[in-house]
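Overview (structure and organization)
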Amino acid sequence: MDWLLIAELALNGVFVGLMYALVALGIALIYKTSGLANLAQGALAMAGAYAAWALSTVVGLPMWLAVPGAIVVMFGVGVATERFALRRMIGQPVIMAIMLTLGIEIMLRGLMPGIAGSAVKKLDIGISNAPLFVGELLVSRALLIGGSVSLALILVAAWIFNSRIGIVLRAVADDQTASWAVGIRVERAIAIAWGLSAGCATAAGVLWGATQGVDWSLSLLLIKALAIAILGGLDSIIGVLVAGLIVGVAESRSEEHTSELQSRFGISYAVFCLKKK
C-alpha cells in the first residue's frame, strides 16, 4: 500500500471538502432561519460564477473587483428570490416551497448557458497552475487556495451567527411567531439569509469555476452540498464543516478506484442512505 499516495489524496480531499462545505453552508443558513431546504443552491453557485465571468470579461472589470461585484449582485438576487418568489408561498405546504426552489434551480441551469453560451468559460482569478509540494506530497495549488478561502468564509459565517444579526436569525429560526411578537421583522431576516446563501454560493462557484471552468455543470454541486448539509445536521455550520471534510476525504479515496463521476454520486447516495437509517 502506497501510504504517500493515500496521504496526498487525503490532503487534497480536505481542500475539496472545504469547497463543497462552502456551497452547503448556504443550504444550512436558509434552513436555520426558515426550515426550508434550498434546492437552488447549485444553480446559484453556477450563476455567481457566470456573473464573475461576465463582469471580468464583458464589462472589463479587474478580477479583484469582478468577484466582490458578483457576490453583491448575487446577494441581491438571493434577496429578490425570497421577496418575489418564496414570500408568496407563506401559508402553503412546505413541500410546495421546496419544489419552487427546485424549479428555480432548473430554470437557472438552462437560462445562464442560454444567455452566455454553452461553451466552458475560463475564469482566471490569478491562481498559478505550477505544482506545489508539501514535503513529498503534491498538492493542487488551486484546491489549497480554494479550500483555505472556503474555511475562512465558513468561520466568518460562524462568527456572524454569534453577532447581533446572527442572534436575530437564530431567534427567527427558533420561533417565528415569538420573533414577530417582539418586533423582529421575520421576512427581512429570511431575506438576509437568502442573500448570504447566494453570496456563499457565488464565492464557491468562483472557486470551483477557477478550477474546472464555468458552465452548467457547476450546478451539480447541489448534489454534494445537499449530502453534506444533511450529514452535518442541516442547521449546524460546524456540522457542515465537519461533514465537508468527511465527504471530501472519502471522495478522494474512492476516486482512486472509480471514476470521478461515479465517486461523486456514490458518496452522495451513501450519505442519503446513512441518514435515512
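This one's a predicted model, so the numbers in the text were calculated from it and none came from an experiment.

Now for the overall build of the chain. Each helix and strand counted, the chain has eleven helices and two strands in total. Taken from N to C terminus, the helices and strands of the chain fall in the order α-α-α-α-β-β-α-α-α-α-α-α-α. Its C-alpha atoms give the chain a radius of gyration of 19 Å, within 12% of the compact-globule value 19 Å for 277 residues. Across its three principal axes, the chain shows a C-alpha extent of roughly 60 × 50 × 30 Å.

In the contact formed by helix H1 (residues 3-34) and helix H8 (residues 186-212), the axes pass within 9 Å of each other and the chain directions differ by 170°. Between H1 and H8, the interaxial angle falls into the category roughly antiparallel. At the point where H1 passes H8, the crossing takes the left-handed sense. On the side of H1, the interface is formed by Val16, Met19, Tyr20, Leu22, Val23, Leu25, Gly26, Ile27, Leu29, Ile30, Thr33 and Ser34, while H8 contributes Ile190, Ala193, Trp194, Leu196, Ser197, Cys200, Ala203, Ala204, Leu207, Trp208 and Thr211.

Below, the discussion takes up the nonpolar core. Buried together is how nonpolar side chains tend to be arranged in soluble globular proteins. Judged by nonpolar contacts, the single largest core of 76 residues is most densely connected at Leu22, Leu25 and Ile237. Residue contributions to this core peak at 14 residues, all from H1. Filtering out sequence-adjacent residues up to four positions away, Leu25 remains in contact with Leu153, Ile154, Ala157, Cys200, Ile237 and Val240.

It is worth spelling out the side chain of Glu251 at this point. Checked against the element boundaries, Glu251 lands in helix H10 (residues 237-254). A distance of 3.1 Å separates polar atoms of two side chains, one belonging to Glu251 and the other to Tyr20.

The description of an aromatic ring pair uses the distance of the two centres, along with the angle that the planes make with each other. For the coordinates displayed, the defined rule picks out one aromatic pair. Taking 5.1 Å as the distance between ring centres and 25° as the angle between the ring planes, the aromatic pair formed by Tyr20 and Trp208 counts as stacked. With Tyr20 in helix H1 and Trp208 in helix H8, this pair connects stretches of sequence that are 188 residues apart. As far as the burial class goes, Tyr20 and Trp208 line up, both buried. Over the ring of Phe84 we find Arg83, and its NZ or CZ is 5.3 Å from the ring centre. The lysine or arginine in question, Lys121, covers the ring of Trp53, its NZ or CZ lying 5.4 Å from the ring centre.

Along the chain, Ser219 turns up in the loop between H8 and helix H9 (221-231). At 3.0 Å, the side chain of Ser219 and the side chain of Arg109 are in polar contact.

You can see Val134 is positioned in strand E1 (residues 132-134). Separated by 77 residues in the primary sequence, Val134 and Thr211 place their C-alpha atoms 20 Å from one another.

Moving on to the pattern of salt bridges. Summed over the entire model, instances satisfying the criterion amount to three salt bridges. Its salt-bridge partner being Glu82, residue Arg87 comes within 2.9 Å of it at the nearest N-O pair. Overall, Arg87 belongs to the partly exposed group, its relative accessible area being 24%.

Scoring rules and cut-offs
- Residues numbered from 1 in each chain as written.
- Predicted model: local features only at pLDDT ≥ 70, side-chain atom pairs only at ≥ 80, totals over all residues.
- Heavy atoms only, no water.
- Helix = DSSP H or I, 4+ residues; strand = E, 2+ residues; numbered from the N terminus.
- Rg over C-alpha atoms; globule rule 2.2 N^0.38 Å.
- Axes fitted to C-alpha atoms, helices over the stretch in contact; angles between N-to-C directions.
- Parallel < 35°, antiparallel > 145°, perpendicular 65-115°, else oblique.
- Left-handed = near helix turned anticlockwise from the far one by under 90°.
- Contact = heavy atoms within 4.5 Å.
- Core = buried A, V, L, I, M, F, W, Y, C linked by side-chain atoms within 4.5 Å.
- Buried < 20%, exposed > 50% of the residue type's maximum accessible area, 1.4 Å probe, protein only.
- Polar contact = N/O pair within 3.5 Å; in protein donor to acceptor, adjacent residues only side chain to side chain.
- Phe/Tyr/Trp six-rings, centres within 6.5 Å; stacked < 30°, edge-to-face > 60°.
- Lys NZ or Arg CZ within 6 Å of the ring centre and 35° of its normal.
- Salt bridge = Lys/Arg side-chain N within 4 Å of Asp/Glu carboxyl O.

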